[in-house]
Amino acid sequence: MFRVWFKVFKDTRMLKDIVIENADAKMSRTQKIFAALEEACHNFDLSTPIWLDLTIKDFKRYDKARFTQDSFIEPIDFDYLEIHVIEED
């Protein structure tokens, strides 16, 4: 099972969160992450953020990253969206 936790924060408080699960063994890790991000953004009614170099670097190192306003094309009403891999196959 592959599980990713998405959290939306504003003023150091978590406003909402969701855990996306994926058990498709045919998908690569990257495909699972992109699919989970797309699903979470759909549930949060957000546009899908852009992966900046710093975001990619943090995610590779910690399996966790934050998407701030710089990663979104549209204005956001929160401080950041955090993604965290909590379980891998």
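Report on the accompanying structure. (Residues numbered from 1 in each chain as written. Predicted model: local features only at pLDDT ≥ 70, side-chain atom pairs only at ≥ 80, totals over all residues. Heavy atoms only, no water.)

Once their charged atoms are close, side chains differing in charge can pair, the charge on each being opposite to the other. For the structure on display, the rule yields 6 salt bridges. With a shortest N-O distance of 3.3 Å, R3 and E87 are connected by a salt bridge. Placement of R3 in strand β1 (residues 2–10) and of E87 in strand β4 (residues 80–87) is noted, with a sequence separation of 84 residues between them. Put simply, K7 and E82 hold a salt bridge, and the shortest N to O gap is 2.9 Å. Here the residue K7 occupies a position in strand β1, and E82 occupies one in strand β4, the gap between them amounting to 75 residues. Each of the two residues, K7 as well as E82, counts as buried. (Salt bridge = Lys/Arg side-chain N within 4 Å of Asp/Glu carboxyl O. Helix = DSSP H or I, 4+ residues; strand = E, 2+ residues; numbered from the N terminus. Buried < 20%, exposed > 50% of the residue type's maximum accessible area, 1.4 Å probe, protein only.)

This brings us to the pairing of β4. The pairing of β1 with β4 spans 7 bridges and is antiparallel. Counterpart to V4 in the pairing with β4 is V85. Strand direction decides the pairing type here: strand β3 (residues 64–67) and β4, joined by 4 bridges, are antiparallel. Bridged to K64 within β4 is H84. (Pairing = 2+ DSSP bridges.)

Here the focus is the packing of aromatic side chains. Using the criterion set out here, one finds 5 aromatic pairs in the structure. Seen in terms of ring centroids, F34 and W51 are 5.9 Å apart; in terms of plane orientation they differ by 90°. Their pairing is edge-to-face. Highlighted residues: F34 in helix α1 (residues 29–44) and W51 in the loop between α1 and α2 (53–62), separated in sequence by 17 residues. Their ring planes at 75° and their centres at 5.5 Å tell us that W51 and F59 sit as a pair that is edge-to-face. For F59, a relative accessible area of 6% translates into the label buried. Taken together, the aromatic side chains of F34, W51, F59 and F67 make up a single cluster linked through ring pairs. Positioned above the aromatic ring of W5 is the side chain of K7, whose terminal nitrogen or guanidinium carbon lies 3.9 Å from the ring centre. (Phe/Tyr/Trp six-rings, centres within 6.5 Å; stacked < 30°, edge-to-face > 60°. Lys NZ or Arg CZ within 6 Å of the ring centre and 35° of its normal.)

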